[in-house]
Each structure stands twice: as C-alpha cells, then as structure tokens.
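# Geometric and topological summary
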Amino acid sequence: MIVMATNNGDVGIRQAVAALKEGKTAVDAIEIGIREVEVHRPDRSVGLHGYPNILGYPQLDALIMDGRTRDVGAVGAVTGYDHPISIARCVMEKLIHVFLVADGAERFASEMGFEKSTYVDPEMPEIYAKHVREQLGIDDPEEIQHTKELWKLSHLAVDPQKAGGTTNFIAQDGKGDICVGVSTSGWGWKYPGRLGDSPVISAGGFADNRYGAAACTGTGELAIRTGAARNVVTYMKMGMSLEEATAEGLRDMNELDSQRVGGVQIISLDASGAHMAGTTSDRKGSHVFMTADMDEPEFVDGISVPYEGS
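So, a few notes on the structure that sits alongside this text.

Rules and cut-offs
- Residues numbered from 1 in each chain as written.
- Predicted model: local features only at pLDDT ≥ 70, side-chain atom pairs only at ≥ 80, totals over all residues.
- Heavy atoms only, no water.
- Helix = DSSP H or I, 4+ residues; strand = E, 2+ residues; numbered from the N terminus.
- Rg over C-alpha atoms; globule rule 2.2 N^0.38 Å.
- Buried < 20%, exposed > 50% of the residue type's maximum accessible area, 1.4 Å probe, protein only.
- Contact = heavy atoms within 4.5 Å.
- Lys, Arg positive; Asp, Glu negative; His and termini not counted.
- Charge placed at Lys NZ, Arg CZ, Asp CG, Glu CD.
- Phe/Tyr/Trp six-rings, centres within 6.5 Å; stacked < 30°, edge-to-face > 60°.
- Patch = residues over 30% accessible without salt bridge, like charges linked within 9 Å, V, L, I, M, F, W, Y side chains within 5 Å.
- Areas by Shrake-Rupley, 256 points an atom, 1.4 Å probe, with all protein chains shown as cover.
- Salt bridge = Lys/Arg side-chain N within 4 Å of Asp/Glu carboxyl O.
- Polar contact = N/O pair within 3.5 Å; in protein donor to acceptor, adjacent residues only side chain to side chain.
- Axes fitted to C-alpha atoms, helices over the stretch in contact; angles between N-to-C directions.
- Parallel < 35°, antiparallel > 145°, perpendicular 65-115°, else oblique.
- Arc of directions from axis to C-beta.
- Disulfide = S-S within 2.5 Å.
- Core = buried A, V, L, I, M, F, W, Y, C linked by side-chain atoms within 4.5 Å.

Here we come to the overall build of the protein. Regarding its fold elements, the protein presents 10 helices and 13 strands. A globule of 310 residues ought to have a C-alpha radius of gyration of about 19 Å, and the protein, at 19 Å, matches this closely. Projected onto its principal axes, the C-alpha positions of the protein cover 55 × 50 × 35 Å. Every one of the 310 residues in the protein was classed for burial, and the buried ones make up 57%. A separation of at least 24 residues holds for 66% of the contacts in the protein among residues at least 6 apart in sequence. Computed over 28 positive and 45 negative side-chain charges, the separation of the two mean positions in the protein equals 3 Å.

If you want it as structure tokens, here you go:
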C-alpha cells in the first residue's frame, strides 16, 4: 500500500508518490513533497514567501515524525532557510534532542550544511506596509521596530484568515510504514517567536504505525491546547474508526470556548491506509490523496464538526 495525503493542494504530492514508487521510505517521501511546497512562491502560508510576523520578517516551523520508530524532529521560529522540513529531519536523525528553535535551530542548520537563503519575496514589503497602515493605523512601519508595547499591536493584528495554511503530508510506504510532516510560516502578523501547533509534537502532527497518523492546520493554539494530532491517533488505539477518531478530535477543540479564534482542520490516516479530513467549520474538510496506481491526485471532501459556541 502506498498512500499520500495532503491538505495544501496538489503541490509536491506527485513527487512524493514518485519517490514511494521508486522504493523510498515514507520519511523520504514526506521530505521530498514538503520541500516542493516550501519553495512554491505563490503560497503565502509556507516558506520564506509566507506572511511575516508583526515585525515584518517570516519565521518558519516544521515537524517530521516516523511512525515506525516514533522518532521525531521539529524546528521553530527559523529565519533565512528555505527548507525547515529538512532541518527537522536532521534533528530527528542526528540529535538526541527532538526540538530546536530560533538561534539554536539556525546554528544547527548551518552545522548540517544548509545554506542561508537570500530570497526576499518581491511583493511582501508592500503587503506588509499596507497592513501596517490600514490595519494598525501606523504610517511608518519602522515605528513598530521600536515600540515598547509590541504585544498590543500583535493583538490588533489578529487576522483569522491568515491564522492557518500549514501544509500537512501523511505517507504510507510499500512496507506499511507511516510518516507525517508539517511545515508553515505560521500565523500572519504573529508576535515574534510565536509557535503554533505545526512544530509541536502531538499537537501539529503525530504518527504511529500501529494505529495511524494525523496532522492539523488552522489556529494552532487550539490544537496545542488539546494535543489534537495525538488525540486522534489515541482514539484509533482505543478502537474508534478513522472517522470517529477524527470527529472526536475535532469535538475536543470545539469544547474550548475561551481565547478562541478561528478553527482547525485535521487530516488523518489509519494503519490500513484509509484517509480523510475533517474541520471545525461549517464547510466540510477536504484533502488531496494519491496512491501508486493513480496517474493524478484526487481531491476528496471530508467531514464537518462545526463549533457552535459563542
């Protein structure tokens, strides 16, 4: 069984499936597929072309987890590197640690031979300046760099439309091994150093060959507070079907009323290779999948477990 599932359109999925058909591992396929998304410049939710933080520069997060061994690597708040997913894989394979952030993650990336990127999105400075003027009421973006109460500006900058957009990949290779990968530029206009669920193990992604895998996109704070990805896998361990487990993971987040902004989508896969998506919005979740015998990926609707709180 070879299965690839992703929530971020069809970018990268063909390359990932081709790798699986060549006999590469699920871990290889995840890295290959996500790397394609990370340099897909039209995407504003992943990579150095994604929406920046409130100070105007992107900070990237990524996670990768091997369901066979449950080894995992994650990086957060990384600047200046095109492929945080590859840095995360190096963390998983080279270090006794599982999670590096900011300066430490960047130092490690340099030690692993990754080169700093000089890429600056040509449109983002204007997009950022417009946001500062129109949403924050500040004529000169440079003023933000010197404010002593940046947290107030970040609060005003909350934009649920840019709170999500993570790319999630789940793969199962010919040996039945499962891997999950997550990569994002995070919440647009976030407070510097903010980490969403994407690099947080068990929240943004979790994989276990015995039961399955899950990954989240959307408002990461909700997924962190419930350990959403691990919850879905645990519900499968308890005997729930894939759909039941995914729906229960969504309901866990729907029970959070305080400090709530936006919602979350989960993509999930069980040990048999079945896959699906679900969302806490009124619209059904959707994802893209592709197997070894398919010529093109297919878009599939999922389920909706809408939040009904205030």
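Picking up after the structure, the text goes on.
Below, the discussion takes up the packing of aromatic side chains. Evaluated as defined, the whole model comprises two aromatic pairs. Here Tyr-51 and Trp-189 contribute two aromatic rings whose centre-to-centre distance is 5.5 Å and whose plane-to-plane angle is 65°, an arrangement assigned as edge-to-face. Linking Tyr-51 in the loop between helix H2 (26-38) and strand S2 (60-66) with Trp-189 in the loop between strand S6 (178-184) and strand S7 (205-208), this pair joins segments that are 138 residues apart in sequence. The burial state of Tyr-51 is the same as that of Trp-189; both residues are buried. Ring geometry for Tyr-128 versus Trp-189: centroids 6.2 Å apart, planes at 40°, classification tilted. Here Tyr-128, found in helix H5 (residues 124-136), pairs with Trp-189, found in the loop between S6 and S7; they are 61 residues apart in sequence, far enough to count as distant. Per residue, the accessibility class of Tyr-128 equals that of Trp-189, and both read buried. Among the aromatic residues, those joined into a cluster by ring pairs are Tyr-51, Tyr-128 and Trp-189.

Before going further, it helps to examine a negative patch on the surface. Residues Asp-139, Asp-140, Glu-142 and Glu-143 make up a contiguous surface patch of negative charge. Mapping Glu-142 onto the fold places it in helix H6 (residues 142-146).

Mapping Asp-177 onto the fold places it in the loop between strand S5 (167-172) and S6. A residue is classified by how much of its surface remains accessible, and Asp-177, at 15% relative accessible area, is buried. Side-chain polar atoms of Asp-177 contact the side chain of Asn-209, separated by 2.7 Å. With residues near it in sequence (within four places) discarded, Asp-177 still touches Ala-26, Arg-68, Ala-171, Gln-172 and Asn-209.

This part is about the packing of helix H3 (residues 84-94) against helix H4 (residues 102-111). Contact pair H3 / H4: the axes reach a minimum separation of 10 Å and the direction vectors enclose 80°. By the angle between their axes, H3 is roughly perpendicular relative to H4. Contacts from Ile-87, Cys-90, Val-91 and Lys-94 of H3 reach H4 at Ala-105, Phe-108 and Ala-109.

Turning next to the environment of Val-91. In this fold, Val-91 is placed in helix H3. With 53 residues separating them along the chain, Val-91 and Ile-144 place their C-alpha atoms 34 Å apart.

Attention now moves to helix H9 (residues 228-237). The periodicity of an α-helix, 3.6 residues per turn, causes residues three or four positions apart to be oriented the same way. Every buried residue belonging to H9 is among Ala-228, Ala-229, Val-232, Val-233, Tyr-235 and Met-236, and all of these are buried. Each buried residue of H9 lies within a common arc of 155° when the element is viewed along its axis, so the set occupies one face. Among the residues trailing H9, Gly-239 stands out with phi positive, at a value near 110°.

Right, let's get into the state of the cysteines. Taken as a whole and judged by the stated rule, the model has zero disulfides. The closest cysteine sulfur to the non-disulfide-bonded Cys-216 is located on Cys-179, 16 Å from its own sulfur. For Cys-216, a relative accessible area of 0% gives the class buried.

Grouped together as the largest cluster of nonpolar side chains are 36 residues, with contacts concentrated most on Leu-63, Met-65, Ile-170, Val-180, Met-253 and Ile-266. The element contributing the most residues to this core is H9, with six residues. Membership of the second largest hydrophobic core comes to 34 residues, among which are Val-46, Ile-85, Cys-90 and Phe-169.

Turning to the pattern of salt bridges, a few remarks are in order. Counted according to the given criterion, the structure contains 16 salt bridges. Salt-bridge contacts for Arg-194 lead to Glu-221; the nearest nitrogen and oxygen are separated by 2.8 Å. Taken together, the residues Arg-194 in the loop between S6 and S7 and Glu-221 in helix H8 (residues 220-226) connect sequence positions 27 residues apart. Classification of Arg-194 by relative accessible area gives buried; the value is 15%. Accessibility expressed as a relative area gives 27% for Glu-221, which makes it partly exposed. If you follow the salt bridges from partner to partner, you end up with Asp-28, Glu-31, Arg-89 and Glu-93 in one network.

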